[in-house]
Amino acid sequence: MGKSVRIAIIGTGTISHRHMKVWSHIPEAKIVAAADINESVLKKWGEQYHLPEKDLYTDFREMLKRDDIDAVDVCVFNNLHAPIALYVMKAGYDCYLEKPMSATYYDSKLVYDCAKATGRKLAVQISSLFSAQTLIAKKLIDAGKLGEIYHARVSETLWRRRPHVDRSAAGLSESYQDKAMAGHGVLIDTGIYHIGQMLFLLGLPEVDVVLGKLHQKVHIGNPDWADSNQYAVHRPMGVEEMGVGFAVFKNGLSLEICEANATNVSEAGHSYITGSRGGLQYSIPDAFGGDWSMGMPPFGQLPEVIRPTLTYTGLDEFGFAVTTDYRPYENMQDLKHYDPLMTQWFDNQQHWYNYLTGVLTEETRYDTPLIALKTSLLSEGIVLSSERGTAITAEEIKALSKSDAMWHQQTPWGTFDYDATF
Ligand SMILES: NC(=O)c1ccc[n+]([C@@H]2O[C@H](COP(=O)([O-])OP(=O)(O)OC[C@H]3O[C@@H](n4cnc5c(N)ncnc54)[C@H](O)[C@@H]3O)[C@@H](O)[C@H]2O)c1
């Protein structure tokens, strides 16, 4: 039995339920309080997870005055990530922050610097790092199986054009589609999973220059369409549904990025890495982050779409050309079965819990804040390049990036003012 950690949750919306599913697998992590400005959502949540009313708060700042909380899990929308993460860390709590770190590089840097300044243990949710694909790919790369890596591609395009009957547009929550709350769309949403995974595998190279373009063209529906003709009431979202870019790094590596959640292309290819000796190709860049978060069935019953492959093409030790599927999901199950500690490499929250309790150290854990910050720099490069219509250097991105966060939030309980200083 590991050390007990008492955790409070801020934001009891959609994703908090997935967090709760995972926390239920880690009994030492005890959820002792929760906060949400939406009182009815909060009450229902409290009933579902058996938290008494005294532990539910409409103002998270009141909750953080308690003296029996060890760490905080932040599940609010993107443009509150920086304001609330800063508040939490300044109040003296370690912080687990939903992705993306923030909508802009500027805000992500604030979060990163605040963790350093306060000395708090910060982790950013990037579930794709906790896939067996990432673990296996990293081992192959570190062992030199790819030779000199010179080019990679990050690609995930979903055909989500038609809305679902019982959900908002394309199954995406309002806080995802609203510019003021989300900041940006797919580029920073699923983008962090795919770009973050790739930057980690490439060894976090330094960006030299980025050329990019955002698109907001596909009408995919709106939350009100359900009682009218679902195929007629389409409109673009308030944020981009496609982000494309090309980056060159200071070490000479090149990277293509194509991230979209509403294209009229059924199959646009997936991520790959190619080197002088071998290459790796993904069937999907697995962003499920282990079976705890998704409640995956046993391997044999997994639908094809969530049974990711990782294919190596190159030369074997005899110099023969081979194509090998590393069967990530099966390997993950075996590794976890034979060594329970392996779970920390297959689940975000287990990883954070082990970091909090000292099983993982600053040196051995995945540095998710740094990976998220570097991802933010690249996605911000695409945004700024798209705005000005020319390529942009890393130095220019850093100089031009601005805050997009909600530093003054209107709530049913008055205005919540947040402070960007630390
Ligand atoms: N929905 C998903 O499938 C999903 C998946 C992975 C990550 N995420 C990330 O999780 C975050 C939240 O997304 P979501 O889909 O759960 O959004 P959501 O809108 O369903 O939930 C956000 C919740 O935060 C609450 N909130 C707003 N301001 C608050 C405040 N000041 N104090 C306390 N609570 C406050 C809202 O009332 C709402 O209940 C986003 O950053 C998103 O990128 C979502």
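In this text, all values refer to a predicted model and were calculated from it rather than measured experimentally.

**Brief notes about the site of the ligand**
The environment of the ligand is made up of 28 residues, and the closest members are Thr14, Ile15, Asp36, Asn78 and Ser175. Here an oxygen atom of the ligand and a side-chain polar atom of asparagine 78 are 2.6 Å apart. At 3.2 Å from a nitrogen atom of the ligand is found a side-chain nitrogen or oxygen belonging to tyrosine 418. Bound to the protein, the ligand loses 84% of the 820 Å² it would expose on its own. The set of elements that each furnish at least two residues to the shell around the ligand consists of helix H1 (14–23) and helix H4 (81–90). When residues in the shell around the ligand are grouped by element, the largest group, three residues, is from H1. Of the residues that constitute the shell around the ligand, the class distribution is 14 nonpolar, nine polar and five charged. Two domains each provide a minimum of three residues to the shell around the ligand, namely domain 1 (5–127 + 404–417) and domain 2 (128–344 + 363–370).

**Some thoughts on helix H13 (residues 368–388)**
Think of an α-helix as 3.6 residues a turn; residues three or four steps apart then line up on the same face. Taking 1.5 Å per residue as the helical rise, H13 with its 21 residues ought to reach 30 Å, and the 30 Å between its terminal C-alpha atoms agrees with that figure. When you tally the buried positions in H13, you get 18 out of 21 residues, the bulk of the element. Immediately downstream of H13, the backbone of glycine 389 shows phi near 80°, a positive value.

**Some points on the pattern of salt bridges**
Counted by the stated rule, this structure contains 18 salt bridges. Salt-bridge contacts for aspartate 59 lead to arginine 61; the nearest nitrogen and oxygen are separated by 3.0 Å. Each member of the pair aspartate 59 and arginine 61 is classed as buried. Where aspartate 367 meets arginine 365, a salt bridge forms, and the shortest distance between an N and an O atom there is 3.9 Å. Arginine 365 sits in the buried class, given a relative accessible area of 8%. Within this structure, Arg6, Lys54, Asp55, Arg66 and Asp68 form a network of salt bridges that share partners.

**A word on unusual backbone geometry**
Here the bond from lysine 99 into proline 100 is cis, since omega is -10°, no more than 30 degrees from zero. If you trace the backbone, proline 100 turns up in the loop between strand E5 (94–97) and helix H5 (105–118). Backbone geometry at histidine 50 places phi at a positive 60°, although glycine is not the residue there. With respect to the helices and strands, the residue histidine 50 is situated in the loop between helix H2 (39–48) and strand E3 (56–57).

**Focus: the sheet that holds strand E6 (residues 122–124)**
Taken in spatial order, the six strands make up an open sheet running E3-E2-E1-E4-E5-E6, and their pairing is parallel. Only two strands of the sheet have a single partner each, and these edge strands are E3 and E6. The pairing of strand E2 (residues 29–35) with E3 spans two bridges and is parallel. Paired with alanine 35 across the strands is tyrosine 57, a residue of E3. Along the sheet face, helix H12 (residues 348–356) touches strand E1 (5–10), E2, strand E4 (71–74), E5 and E6 and points at about 170° away from the line of E5.

**Focus on the packing of helix H6 (residues 132–142) against helix H11 (residues 328–338)**
Contact geometry for H6 and H11: axes closest at 8 Å, N-to-C directions at 90°. Overall, the two elements H6 and H11 adopt an arrangement that is roughly perpendicular. Between H6 and H11, the contacting residues are Ala132, Gln133, Leu135 and Ile136 on the first element and Pro328, Asn331, Met332 and Leu335 on the second. Grouping the amino acids of the contact of H6 with H11 by side-chain chemistry returns six nonpolar, two polar and no charged.

**Digging into the confidence of the model for the protein chain**
Looking at the protein chain, pLDDT values average 89 and 88% of them are 70 or higher. Throughout residues 162–170 the model reports pLDDT below 50, and contacts reaching past four residues in sequence, or to other chains, amount to 25 contacts. Scored below 50 in pLDDT, residues 223–233 makes 17 contacts in the model with residues more than four places away or belonging to other chains.

**Digging into the nonpolar core**
Across soluble globular proteins, nonpolar side chains have a tendency to be buried as a group. Met63, Ile273 and Leu378 are the most contacted members of the largest nonpolar core, which has 115 residues in total. The greatest single-element share of this core, amounting to eight residues, is contributed by H13. When residues are assigned to domains, this core turns out to be shared by domain 1 (5–127 + 404–417) and domain 2 (128–344 + 363–370), each giving three or more. Ignoring any residue separated from it by four or fewer positions in sequence, one finds methionine 63 in contact with Ala8, Ile9, Ile10, Ala33, Ala34, Ala35, Tyr57 and Ile69. Residues Tyr176, Ala182, Met237 and Val239 belong to the second largest nonpolar core, which totals five residues.

**Remarks on the sheet that holds strand E9 (residues 242–249)**
Here nine strands make up an open sheet; going across it, the order is E14-E13-E12-E11-E7-E10-E9-E8-E15 and the pairing mixed. Unpaired on one side and paired on the other, strand E14 (321–325) and strand E15 (392–393) mark the two borders of the sheet. By the bridge criterion, five bridges tie strand E12 (residues 278–282) to strand E13 (residues 310–315) in an arrangement that is antiparallel. Paired with glycine 278 across the bridge in E13 is glycine 314. Its contacts with the sheet put helix H9 (residues 190–201) on strand E7 (149–157), E9, strand E10 (254–260), strand E11 (272–275) and E12, and the angle it makes with E7 is roughly 165°. Where H13 meets the sheet, it contacts strand E8 (207–215), E9, E10 and E15, and its direction lies at approximately 60° from that of E8.

**Describing the packing of H9 against H13**
It is the contact of H9 with H13, at a shortest axis distance of 9 Å, that shows an interaxial angle of 110°. Compared by their axis directions, H9 and H13 come out roughly perpendicular. Judged by the sense of rotation from one axis to the other, the crossing of H9 with H13 is right-handed. Contacts between H9 and H13 involve Ile192, Ile195, Gly196, Leu199 and Phe200 on the former and, on the latter, Ile371, Ala372, Lys374, Thr375 and Leu378. For the contact of H9 with H13, a count of residues per class yields seven nonpolar, two polar and one charged.

The rules we used
Residues numbered from 1 in each chain as written. Predicted model: local features only at pLDDT ≥ 70, side-chain atom pairs only at ≥ 80, totals over all residues. Heavy atoms only, no water. Near = heavy atom within 4 Å. Polar contact = N/O pair within 3.5 Å; in protein donor to acceptor, adjacent residues only side chain to side chain. Areas by Shrake-Rupley, 256 points an atom, 1.4 Å probe, with all protein chains shown as cover. Helix = DSSP H or I, 4+ residues; strand = E, 2+ residues; numbered from the N terminus. Nonpolar A, V, L, I, M, F, W, Y, C, P; charged D, E, K, R; others polar. Domains from an automatic or database assignment. Expected span 1.5 Å × (residues − 1). Buried < 20%, exposed > 50% of the residue type's maximum accessible area, 1.4 Å probe, protein only. Salt bridge = Lys/Arg side-chain N within 4 Å of Asp/Glu carboxyl O. Pairing = 2+ DSSP bridges. Contact = heavy atoms within 4.5 Å. Axes fitted to C-alpha atoms, helices over the stretch in contact; angles between N-to-C directions. Parallel < 35°, antiparallel > 145°, perpendicular 65-115°, else oblique. pLDDT = per-residue confidence, 0-100. Core = buried A, V, L, I, M, F, W, Y, C linked by side-chain atoms within 4.5 Å. Left-handed = near helix turned anticlockwise from the far one by under 90°.

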